[in-house]
Amino acid sequence: MNQFRFSRRPDIGGKIRVSFEFFPPKTDEMEARLWETVTRLAPLKPHFVSVTYGAGGSTRERTIRTVRRILNETDLLPAAHLTCVDADQEAVDGVIGEFAAMGVKRFVALRGDPSEGVGAAYRPYPGGYANGAELVAALKRTSDFDISVSAYPEKHPESPDFATDIEMLKQKVDNGATRAITQFFFDNDLYERYVERARRAGIYIPIVPGILPVHNFNQVANFSSRCGAHVPDWLAERFEGLDKDPQTHALVAAAVAAEQVLDLVERGVTDFHFYTMNRADLAFAICHMIGIRGDLAVKRAAPAAA
Ligand code: FAD
């Protein structure tokens, strides 16, 4: 039976699309590392790559610079993240205009977290866009952009219940969102249930799973508790005792991510968004496993010489 698994089909790579997320580097050293990562992942021909926008617009210039460099120096299609935090509508519209003038056609539209930090009560900036849905509408008024929005398989921590959470996603879709990208998760059943809930609510855009390869388990566990993503006990157990053993940690991380992605492929998922943390190795390995080989895939698909 095993050879009939969808994820084991020889043509699987041609059926799957991936996107990669980067954050704008702070230092020259980080910039060099990001560029190595971009260079390694670019041949995999991702659907698009996205660049995050720091809290309160703190990375505004660095996000713009990174997106510009991707546009100028690669064939990749960049998506600029944008938030509503600490900026009035005129300021946000100004940033949208700046990206549009550069040739950016894709955005990831977010409300963002309060500048005091995750967990603090969110208050819309006076005269600003109140949430992701309003930002989507503003983008759509400007041009027919490709707009990704967030989705939360475990619901957003501020959502009182799933119905409210899905209603928020519905507003973003009604205002023109092209696709949703999920917060990372480790239990595929949660994702599947969320997608079912969304479909029942009449949401039909792609809901792309956000995959976080675990480069550093302690950091992930710490961050997860703040953003409402659950770290299952079995996952903690897999990384237990590996703090000072980076080699085994990396092998376990690759195995964990591969297990998750291959299971999603079996469930029919064909689009994946990788939170790369500006590192190529794990994302590259997982893409390799699902048949995404860049130039190699093109060679394999070519007809055999007569
Ligand atoms: P929204 O979708 O606008 O709202 C989130 C939740 O807030 C809703 O589910 C709802 O519970 C509540 N809410 C908001 N408005 C209302 C309303 N009118 N009525 C009732 N409830 C409401 N953060 C960054 O700072 N920079 C980034 O680049 C970034 N990229 C991200 C990319 C992805 C794919 C994801 C999933 C998250 C990203 N984040 C980023 C984190 C995000 O900013 C936070 O999760 C933030 O807390 C919510 O932003 P949002 O766009 O999801 O909010």
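Our structure's up above, just so we're on the same page.
Presented here is an overview of the structure given in this document. In this text, all values refer to a predicted model and were calculated from it rather than measured experimentally. Per chain, residues are indexed from 1 in the order of the written sequence. Where totals are concerned, whole chains, interfaces and linings use all residues; where local detail is concerned, this predicted model gives features only for residues with pLDDT of at least 70, and gives and counts side-chain atom pairs only at 80 or more. Values shown for side chains rest on all heavy atoms present in the structure; no hydrogens or waters enter the calculation.

Attention now moves to the site of the ligand. Summary of the distance rule: residues count as near a molecule or strand when at least one heavy atom falls within 4 Å of that molecule or strand. Among the 21 residues in the neighbourhood of the ligand, the closest are listed as Asp113, Ser150, Tyr152, Ser159 and Lys172. For the purposes of these results, a polar contact is taken to be a pair of N or O atoms within 3.5 Å, where, inside protein, one atom must be able to donate a hydrogen and its partner to accept one; residues adjacent in sequence count only when each atom of the pair is a side-chain atom. Measuring from an oxygen atom of the ligand, one finds a side-chain N or O atom of histidine 156 at 2.8 Å. In isolation the ligand has 970 Å² of accessible area, and contact with the protein removes 82% of it. If one sorts the elements of the shell around the ligand by residue count, helix 5 (residues 162-174) sits on top with three residues. A class-by-class count of the residues in the shell around the ligand yields six nonpolar, ten polar and five charged. Residue-level accessible areas treat just the shown protein chains as cover; the underlying method is Shrake-Rupley with a 1.4 Å probe. Numbered from the N terminus, helices here are DSSP runs of H or I no shorter than four residues, and strands are runs of E no shorter than two. Gly counts as polar in this scheme, as do all residues outside two lists: the nonpolar Ala, Val, Leu, Ile, Met, Phe, Trp, Tyr, Cys and Pro, and the charged Asp, Glu, Lys and Arg.

Turning our attention to the environment of glutamine 183. On the secondary structure map, glutamine 183 appears in the loop between strand 6 (179-182) and helix 6 (188-200). Considered as a pair, glutamine 183 and aspartate 243 are 60 residues apart in the sequence and their alpha carbons are 25 Å apart.

Glancing now at the pattern of salt bridges. By definition, a salt bridge exists where a carboxyl oxygen of Asp or Glu is found within 4 Å of a side-chain nitrogen of Lys or Arg. Applying the stated criterion across every chain yields a total of 16 salt bridges. Glutamate 259 is the salt-bridge partner of arginine 238, the closest N and O atoms lying 2.7 Å from each other. Of this pair, arginine 238 sits in helix 8 (residues 233-239) while glutamate 259 is found in helix 9 (residues 246-266), placing the two residues 21 residues apart along the sequence. Taken together, the shared-partner salt bridges in this structure form one network comprising Asp189, Glu192, Asp263 and Arg267.

Once that is clear, we can look at the side chain of serine 159. Looking at the secondary structure, you find serine 159 in the loop between strand 5 (146-151) and helix 5. Any residue under 20% of the maximum accessible area for its type is buried, any over 50% is exposed, and the rest in between are partly exposed; the area is computed with a 1.4 Å probe on protein chains only. What makes serine 159 buried here is its relative accessible area of 11%. A polar contact is formed between the side chain of serine 159 and the side chain of aspartate 165, at a distance of 2.8 Å.

To continue, consider helix 10 (residues 281-289). Burial in helix 10 covers these residues: Leu282, Ala283, Ile286 and Cys287. Angularly, the buried residues of helix 10 cover 130° about the axis, an arc narrow enough to put them on a single face. It only takes one pair of heavy atoms within 4.5 Å for two residues to be counted as in contact. Close packing links the buried residues of helix 10 with strand 1 (17-22), helix 1 (28-41), helix 9 and strand 9 (271-275). Directly after helix 10, the chain includes glycine 291, whose backbone phi takes a positive value near 85°. By construction, the arc corresponds to the directions joining the helix axis to the C-beta atoms.

Turning to its location among the elements, glutamate 154 is positioned in the loop between strand 5 and helix 5. Not counting chain neighbours up to four residues away, the residues in contact with glutamate 154 comprise Phe162, Phe184, Phe185, Leu190, Gly228, Ala229 and His230.

Let's shift gears to unusual backbone geometry. The phi dihedral of aspartate 86 falls on the positive side, at around 55°, and the residue is not glycine. Look at aspartate 86 and you get partly exposed, because its relative accessible area is 39%.

We now examine helix 3 (residues 89-102). Given the number of residues in a helix, its expected span is that number minus one, multiplied by 1.5 Å. Compared with an ideal rise of 1.5 Å per residue, which puts 14 residues at 20 Å, helix 3 spans 20 Å between its outermost C-alpha atoms and is within 8% of the ideal. Of the surrounding secondary structure, the elements contacted by the buried residues of helix 3 are helix 2 (60-73), strand 3 (78-82), strand 4 (106-109) and helix 4 (132-142). Phi turns positive one or two residues past the end of helix 3, at glycine 103, with a value near 105°.

Let us now look at the nonpolar core. In this text, buried Ala, Val, Leu, Ile, Met, Phe, Trp, Tyr and Cys residues form a nonpolar core when linked through side-chain atoms within 4.5 Å. Counting residues in hydrophobic clusters, the biggest one holds 67 residues, and the most contacted among them are Phe20, Leu169, Phe272 and Phe274. Here this core takes five residues from helix 3, the largest share from any one element. Not counting chain neighbours up to four residues away, the residues in contact with phenylalanine 272 comprise Ile16, Arg17, Val18, Ser19, Val208, Pro209, Ile211, Val261, Leu264, Val265 and Ile290.

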